[in-house]
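# Chain and residue survey
Here is how the chains run, residue by residue.
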Amino acid sequence: MRDLPVIGWLLATIVVALVHPWLPAPRWLLIHLTLLGAVTHSILVWSRYFTDTLLRSPADATRGPQNARLALLDLGVLAVVAGVLTGWWPATVLGGASVLVAVAWHGAALARRLHAALSRRFAMVVRFYVAAAALFTVGIVIGVLVARVQADPWHERLLVAHASTNLLGWIGLTVLGTLVTLWPTMLRTRLADGVERAARRALPVLLVAIAVTVAGALAGSPRASALGLACYLAGLSLLAPGFVAAARQRRPTSYAAASALGAVCWLVLCLVLLVAGFAVAADWAEAGSWFERFTPFLAAGFGAQVLLGAMSYLVPVALGGGPRAVATATRAMDRGGLFRVGVVNAGLVACLVPLPAIVRVACSVLVLAALASFLPLMMLAIKASVTTRRQQAEEPARTPMPPVVATGNPLGALALACCLVLAAVAGGTVVDQRLGPGAGSIAAGVAATGETTVVEVEARDMAFFPSRIEVPAGNRLVIEVRNTDTSEVHDLVLDDGTDSGRLAPGESARLEIAVVGRDVAGWCSVLGHRQMGMTLEIIALGAPVAPTASGADGGTGGHGGHQHGPADGAPAVVDPHAEPDADFTAYDATLPPLPEPTGVPRVHRHTFRISDTVAEVAPGVTQTLWTYQGSAPGPTLHGRVGDRFEITLVNDGTVGHSIDFHAGALAPDEPMRTIPPGESLTYVFTATRAGIWMYHCGTMPMAAHIANGLFGAVVIEPADLTPVDRSWVLVQSEFYLGPADAGVDLAKVQAETPDLVVFNGYANQYDHQPLTARVGERVRIWVLDAGPNRSSSFHVIGGQFDTVWLEGAYHLRQGEGAFGEEDGGSQALGLFPAQGGFVELTFDEAGHYPFVSHLMVDGERGAHGIVRVTD
């Protein structure tokens, strides 16, 4: 039962792997769900089991402390994941503290067991566990700092120190200590002579190696870290003779043994490559990129394989039920064992070498499928164990099943696995070549030179630096892209679909192109950034002349789901006059009331959370909008001259946003700055002048942010405002529809061709649910034109305005003509974008009075509604 959370973490890892293109920080998620979630939980369970078994310690009378540690761990991991994905550092700190307490408590419990042990022959294994737990507490602290410190050079240094401590210390020492006894047990052979002595000698070497590696990382010295990793290999070499001797006695033909062997081989291979990379790295940035490149292979090749291999052996034992039940469950776990191990390791090798992206994707799918097969097989093993135990209870005299012996042809299974991976490589290569430039092939048939060009690219100030990269045709290209902006989210997309993923300020990614055979176009796919000039050129020197895939959309398109324009798919079918669903509710146009004045200015405190919100903007037409408090327009604020407004802005969105209140007069530098996802700011202003004031997002491109929903109104009443029976607020705005999941089409914004012009965020909504008044009631209608592009001429059909107040001044007042006449009236309130005012009128007859923007094409686009007047 204690292994059930491990299954949950593994399932979560599989889900993330399948949907990773649509998730933030997918690489981080995959690594931490596997290592911090599944592997760490398993370590807490099984290292305690091995400690009790090897030291012959009496079992606890209660499982309470162990269960409490596991609960602390899993809740802490959930908090860490939530904190990192939302950018809320307090959650990361709280989660890290919970994990630290759980592991430190676990290490202390093992140390007490070791001190009180009756049998000390295998005490060195438990020493590995205690040392690993101590190192992990250090790694957790460093990991929390990594989430906080985003600026280089410390971010990259802390990241490598964190990974070294946890991968080589917590997981590495635990695995190596366990395999001292578990490896020969898996092979069903005896412990080789001298293994215990070798383990005692290896532990201090491994600890020194980790310390040197971490110290080199913190000091920014690639050579020192290379020395530490080399020392770690030396510590492994002390343990190697015992492992090899056991394998010589009996070959590792079971899934458990073969998977464990593959895991250790990946550990050694990655360490060798890292030593070589760190030794030749020109600076720490290059060394950090080497570590970042091989971390996924350590996670999948080493961490995942050793976890699944160990569990395949241990779960049947833990299920119990006697030799026959254990053997039955083990047979179920071992189905296709060598074939699965072969697919995993051959697939990882294919992902490691420079092959086209589509080939690596195909091989990654095979690796994921082979690893994921563990879960259904474990379910079969549990079922087989239960069935066998039931049969034994019914037939107690039945002869026990003989020990598990691997059957079949091991070489044949491995050969079949290699053939499957080779077929994926060949098929992917053919598809890559057939797709041609711009669809999947940057190689364009050019032969590889074997040389590598490495380029560092900064994304900032709506540009890439450098924006032009020259690389000899046939070279492998590695682009290290880092977002050095202070607030904006960026990414880098190439015309073959290669994508860095969204990068928050301080984050980086590595893009690899196996062979550059043609010129390549790149851009930032965040809404509007490409149109503002955030593009990149890769020039293949000496390549045959060939067209790129960059110009087909005239610079306004994009890659895959990141594009914001018609090329993403057919435009939505828009009929502003269609009937909405029966459960439709119109935006409440009523001006929020104010309490009676007290002579003392009020303080208005509000929190505006920016979020990506899927909203219906016309019957049957949905868009992913950016919204303040979940609606477009955002909440209407209402106050008097002298009132103070304190607005806390929280960015829960996926890109940088800001807010600008026209109702306040103050320097924009700080309160109107763009904040990245997960951050917040406080905007304080005092309303010193009356008006209906616009607020909106000021992040560039501003037109796109306003058009996609980030706007609203602040009503500050004039001191001499007379009472009325009803007061409404209508905010006119435009929608430039892109695909439903992509939001605004910036090309339409720039061309000023809106699909809809609406009041309060929905086309013709007050036709379907009219505003209501009674005959003789005096009505005030506040109108704001939020734009971003279209002017408004507000008119009530069948009505006449006896009062018009525009931009802070009366143009007409009841009983006063514009030039002193008593009978003056007005038919329309004309507004440019960001202007506002109010009109007043009285309805003398019952009926339906349409209101409209008298720029009639906009009225027909949805800027239309009805006031229903009754007796």
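About the cut-offs
Residues numbered from 1 in each chain as written. Predicted model: local features only at pLDDT ≥ 70, side-chain atom pairs only at ≥ 80, totals over all residues. Heavy atoms only, no water. Helix = DSSP H or I, 4+ residues; strand = E, 2+ residues; numbered from the N terminus. Buried < 20%, exposed > 50% of the residue type's maximum accessible area, 1.4 Å probe, protein only. Contact = heavy atoms within 4.5 Å. Areas by Shrake-Rupley, 256 points an atom, 1.4 Å probe, with all protein chains shown as cover. Lys, Arg positive; Asp, Glu negative; His and termini not counted. Charge placed at Lys NZ, Arg CZ, Asp CG, Glu CD. Axes fitted to C-alpha atoms, helices over the stretch in contact; angles between N-to-C directions. Parallel < 35°, antiparallel > 145°, perpendicular 65-115°, else oblique. Nonpolar A, V, L, I, M, F, W, Y, C, P; charged D, E, K, R; others polar. Pairing = 2+ DSSP bridges. Patch = residues over 30% accessible without salt bridge, like charges linked within 9 Å, V, L, I, M, F, W, Y side chains within 5 Å. Salt bridge = Lys/Arg side-chain N within 4 Å of Asp/Glu carboxyl O. Phe/Tyr/Trp six-rings, centres within 6.5 Å; stacked < 30°, edge-to-face > 60°. Lys NZ or Arg CZ within 6 Å of the ring centre and 35° of its normal. Polar contact = N/O pair within 3.5 Å; in protein donor to acceptor, adjacent residues only side chain to side chain. Left-handed = near helix turned anticlockwise from the far one by under 90°. pLDDT = per-residue confidence, 0-100. Core = buried A, V, L, I, M, F, W, Y, C linked by side-chain atoms within 4.5 Å.

### Comments concerning the overall build of the protein
- Along the protein, the regular secondary structure elements total 19 helices and 27 strands.
- Across its three principal axes, the protein shows a C-alpha extent of roughly 115 × 70 × 55 Å.
- Taking all 871 residues of the protein together, 54% fall into the buried category.
- Considering only residue pairs separated by 6 or more positions, the protein has 76% of its internal contacts joining residues 24 or more positions apart.
- Split by element, the accessible area of the protein, about 35,700 Å² in all, is 61% carbon and sulfur.
- The average position of the 57 basic charges and that of the 71 acidic charges among the side chains of the protein differ by 23 Å.

### Quick word on the packing of helix 2 (residues 26-55) against helix 3 (residues 64-86)
- Look at helix 2 against helix 3: their axes get within 11 Å of each other, and the N-to-C directions meet at 170 degrees. The orientation of helix 2 relative to helix 3 falls into the category roughly antiparallel. Packed against helix 2, whose contacting residues are Trp28, Leu29, Leu36, Gly37, Thr40, His41, Leu44, Val45 and Arg48, the element helix 3 presents Gln66, Arg69, Leu70, Leu73, Asp74, Val77, Val80, Val81, Val84 and Leu85 at the interface.
- For the contact of helix 2 with helix 3, the residue count by class is 12 nonpolar, four polar and three charged.

### Notes on unusual backbone geometry
- Residues Ala632 and Pro633 are joined by a peptide bond in cis, for which omega reads 5 degrees.
- The linkage connecting Met700 with the following residue, Pro701, adopts the cis geometry, with an omega of -5 degrees.
- Here Pro701 shows up in the loop between strand 15 (691-696) and helix 16 (702-707).
- The phi torsion at Gln629 lies on the positive side, around 60 degrees, for a residue other than glycine.
- Residue position: Gln629 is located in the loop between strand 10 (621-628) and strand 11 (637-640).
- The backbone phi angle of Glu807 is positive, close to 50 degrees, even though this residue is not glycine.
- Among the residues examined, Glu807 registers a relative accessible area of 43% and is labelled partly exposed.

### Considering the sheet that holds strand 8 (residues 535-541)
- An order of 3-8-7-5 is seen for the four strands of this open sheet, with the pairing classed as mixed. The open sheet has two free edges, formed respectively by strand 3 (468-472) and strand 5 (493-494), since each of these has just one partner strand.
- Here four bridges tie strand 7 (residues 520-523) to strand 8, and the two strands are oriented antiparallel to one another. Bridge pairing in strand 8 links Gly522 to Leu536.

### Some details on the environment of Leu23
- Position of Leu23 relative to the elements: it lies in the loop between helix 1 (4-19) and helix 2.
- A sequence separation of 118 residues divides Leu23 from Val141, and the C-alpha atoms of the two residues are 26 Å apart.
- Not counting the four nearest positions on each side in its chain, Leu23 is found in contact with Val16 and Leu29.

### Brief notes about a positive patch on the surface
- There is a patch of like positive charges on the surface, built from Arg127, Arg197, Arg200 and Arg201.
- The biggest single contributor to the positive patch is helix 7 (residues 195-219), with three residues.
- Turning to its location among the elements, Arg197 is positioned in helix 7.

### As for the packing of aromatic side chains
- Taken as a whole, this structure holds 26 aromatic pairs when the rule is applied.
- Cation over ring: Arg460 sits above Phe465, and NZ or CZ is 3.9 Å from the ring centre.
- Sitting over the face of the ring of Tyr810, Arg813 holds its NZ or CZ atom 4.2 Å from the ring centroid.

### Observations concerning the pattern of salt bridges
- Overall, the coordinates contain 25 salt bridges when judged by the stated rule.
- Residue Arg644 is joined to Glu646 by a salt bridge in which the shortest nitrogen-to-oxygen separation is 2.9 Å.
- The partner of Arg726 in a salt bridge is Glu777, and the shortest N-O contact between them spans 2.6 Å. With a gap of 51 residues between them, Arg726 in strand 17 (residues 726-735) and Glu777 in the loop between strand 19 (769-774) and strand 20 (778-787) connect regions that are remote in the sequence.

### Quick notes on the side chain of Ser500
- With respect to the helices, strands and loops of the structure, Ser500 is situated in the loop between strand 5 and strand 6 (508-513).
- Among the polar contacts made by the side chain of Ser500, one reaches the main-chain amide nitrogen of Leu492 at a distance of 2.9 Å.
- Residues contacting Ser500, with those up to four places away along its chain left out, are Val481, Asp491, Leu492, Ala509 and Leu511.

### Some words on the sheet that holds strand 16 (residues 711-717)
- Taken in spatial order, the four strands of this open sheet run 11-16-15-13, and their pairing is mixed. Because the sheet does not close on itself, it has two edges, and the strands there are strand 11 and strand 13 (660-661).
- One ladder, built from two bridges, connects strand 13 with strand 15; its direction is antiparallel. By the bridge assignment for strand 15, Asp660 is matched with His696.

### Overview of the packing of helix 4 (residues 89-115) against helix 5 (residues 123-148)
- At a closest axis distance of 9 Å, the pairing of helix 4 and helix 5 adopts a crossing angle of 170 degrees. Compared by their axis directions, helix 4 and helix 5 come out roughly antiparallel. At the point where helix 4 passes helix 5, the crossing takes the left-handed sense.
- Here the residues of the contact of helix 4 with helix 5 sort into 19 nonpolar, four polar and two charged.

### What about the pairing of strand 12 (residues 644-651)?
- Buried residues dominate strand 12, accounting for six of its eight residues.
- Pairing geometry for strand 9 (residues 603-618) and strand 12, over eight bridges, is parallel. The residue of strand 12 that forms the bridge with Ile610 is Asn651.
- Note that strand 12 and strand 14 (residues 680-686) share seven bridges and pair antiparallel. The partner of Thr648 across the bridge, within strand 14, is Thr682.

### Quick look at the environment of Leu4
- Here Leu4 is to be found in helix 1.
- Remark: the alpha-carbon pair of Leu4 and Thr253, spanning 249 residues in sequence, is separated by 27 Å.

### Focus: the pairing of strand 21 (residues 792-796)
- By the criterion of burial, strand 21 is predominantly enclosed, with five of the five residues buried.
- Along strand 21, one buried face is formed by Ser792, Phe794 and Val796 and the opposite face, lined by Ser793 and His795, is buried too.
- Pairing of strand 21 with strand 24 (residues 829-831) involves three bridges; the strand directions are antiparallel. The residue bridging Phe794 from the neighbouring strand is Leu829, located in strand 24.
- The pairing of strand 21 with strand 26 (residues 847-853) spans three bridges and is classified as antiparallel. Of the residues in strand 26, the one forming a bridge with His795 is Val852.

### Digging into the confidence of the model for the protein
- Confidence along the protein averages 87 in pLDDT terms, with 91% of residues attaining 70 or more.
- Low pLDDT (under 50) marks residues 436-440, which in the prediction has 12 contacts with non-local residues, meaning those over four places away or in another chain.
- Low pLDDT, under 50, characterises residues 546-571; the predicted model gives this stretch 47 contacts beyond four residues in sequence or across chains.

### Observations concerning the nonpolar core
- Formed by 142 residues in total, the largest nonpolar core has its most connected members in Trp170, Ile171, Leu173, Tyr232, Phe278 and Phe374.
- Looking at this core, the element that brings in the most residues is helix 10 (residues 284-319), giving 18 residues.
- Residues within four places of Ile171 in sequence aside, it is in contact with Leu35, Val39, Ile43, Asn166 and Phe302.
- Val481, Val714, Ile716 and Val749 belong to the second largest nonpolar core, which has 55 residues in total.

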